[in-house]
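Secondary and tertiary structure notes
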Amino acid sequence: MKKYIKALICAMLVAVLVAVGSGCAKVSYVTGSAMQAVEDVKSGEWKTKNIKEQSTEDKVLIEELTPGTYGGIEFNNLDDVMNYYKAAYDKTKAKTAPYIDENGATQEWYAFAGSQEIIVSDILIDGQSNAVINKLIPQLLDSLYKPSIAGLQPSMNPDPKLDVDENNESLLTLRATAEDLVAGNVKDNGDGTITIEIQPKLAEMSHVGLDSQGKIFTSLNDIGSVYDAVDAFTWASGTTDENVKVTYKDGTAQITIDTASGEIVAANYNMRAYAQVQHANLAVVHDKSATVTVDYIVKFPADEAFYDKVNVHPAG
């Protein structure tokens, strides 16, 4: 393994895992993992290379809406699509149900709960891939990322009373509108349900509930502050704002709605973020760069296997 790559990967994952609303909660824990990684690796020489800037072009990845009637409902434009989605979202997210948490206590959380998964790919250190690094990622995810049940996206907490954005404003109702979309469409499933598919516009350094990506996905908020909170982390040149970048694009969501009840019965949110850090110093790591692609996937409804995994179960 090249010089201190493992430590730099851990530092990179501080940014992409801590604030995703998952429970990898304490910076001190993640920093400890990074510092342990420094001790675990052996020295070696390798050349620093410039990282490639992520494209800021929005490409349409889903079908465009064909105006028409789907499931007995008329959709003439994206405003119609998002208005219908909002009504279903708000109605579904308003319902709660009792759960038994991992400590055996009863909690009143969202009745419609989803499972969480993170997939980390395309990791480059100073512009290069490494097979050992790619094999290491599942181990890092297992140790750093602890999933829990999720509310309809965006959501910061399964407890409606605690589900708020960084300004302490409630996330109980959908804020996204047609103006936040690259594209959207509707499909009639022929069984009394329709499926809405949407692709939000690109956003840089997204904040939950406050921009095109954060109104649809649980984005990472201010990851720069995570680096600033780690005393051992410094920059070889430049500032945090200059050296930490996250581009959110190419994510899509599919939401299936029962037209009779007006409620969501299934959903799949796939947020994609392209993160990069450059000019990073961490202990004996000097002036290194890293890029990574992160897919944050939330599927509804959560199944029994996921409840068993997180040791949380519906009380009924």
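None of these values were measured; they are calculated from a predicted model.

Our next topic: the overall build of the protein. Along its length, the protein carries seven helices and 14 strands. Counting every position in the protein, which comprises 316 residues, the buried fraction comes to 52%. Taking as baseline every contact in the protein between residues at least 6 positions apart, the subset at least 24 positions apart corresponds to 72%. Just so you have it, the protein exposes about 14000 Å², and 49% of that area is on carbon and sulfur atoms.

Scanning the model with the defined rule gives seven salt bridges in all. The shortest N-O distance in the salt bridge between D90 and K86 comes to 2.9 Å. Taken together, the residues span about one helical turn, with D90 and K86 both in helix α3 (residues 78-93) at a distance of four residues. A relative accessible area of 21% means that D90 is categorised as partly exposed. In this structure, R272 engages D295 in a salt bridge whose closest nitrogen and oxygen atoms are separated by 2.9 Å. Of the two residues, R272 sits in strand β12 (residues 263-282) while D295 sits in strand β13 (residues 285-300), which places them 23 residues apart along the sequence.

This part takes up the side chain of N185. For N185, the position within the fold is in strand β6 (residues 181-188). Taking the relative accessible area as the measure of exposure, N185 reaches 9% and is therefore buried. From its side chain, N185 meets the backbone oxygen of E63 in a polar contact 2.9 Å long. Contact partners of N185, with chain neighbours within four places excluded, come to I62, E63, E64, L65, T195, I196 and E197.

So, on to the sheet that holds strand β4 (residues 106-110). Read across the sheet, three strands follow the order β4-β3-β14 without closing on themselves; strand pairing throughout is antiparallel. Looking along the sheet, the strands with just one partner apiece sit at the ends: β4 and β14 (313-314). Looking at chain direction, strand β3 (residues 96-100) and β14 are connected through two bridges and run antiparallel. Its bridge partner being in β14, I100 is matched across the sheet by H313.

Quick notes on the rules
- Residues numbered from 1 in each chain as written.
- Predicted model: local features only at pLDDT ≥ 70, side-chain atom pairs only at ≥ 80, totals over all residues.
- Heavy atoms only, no water.
- Helix = DSSP H or I, 4+ residues; strand = E, 2+ residues; numbered from the N terminus.
- Buried < 20%, exposed > 50% of the residue type's maximum accessible area, 1.4 Å probe, protein only.
- Contact = heavy atoms within 4.5 Å.
- Areas by Shrake-Rupley, 256 points an atom, 1.4 Å probe, with all protein chains shown as cover.
- Salt bridge = Lys/Arg side-chain N within 4 Å of Asp/Glu carboxyl O.
- Polar contact = N/O pair within 3.5 Å; in protein donor to acceptor, adjacent residues only side chain to side chain.
- Pairing = 2+ DSSP bridges.

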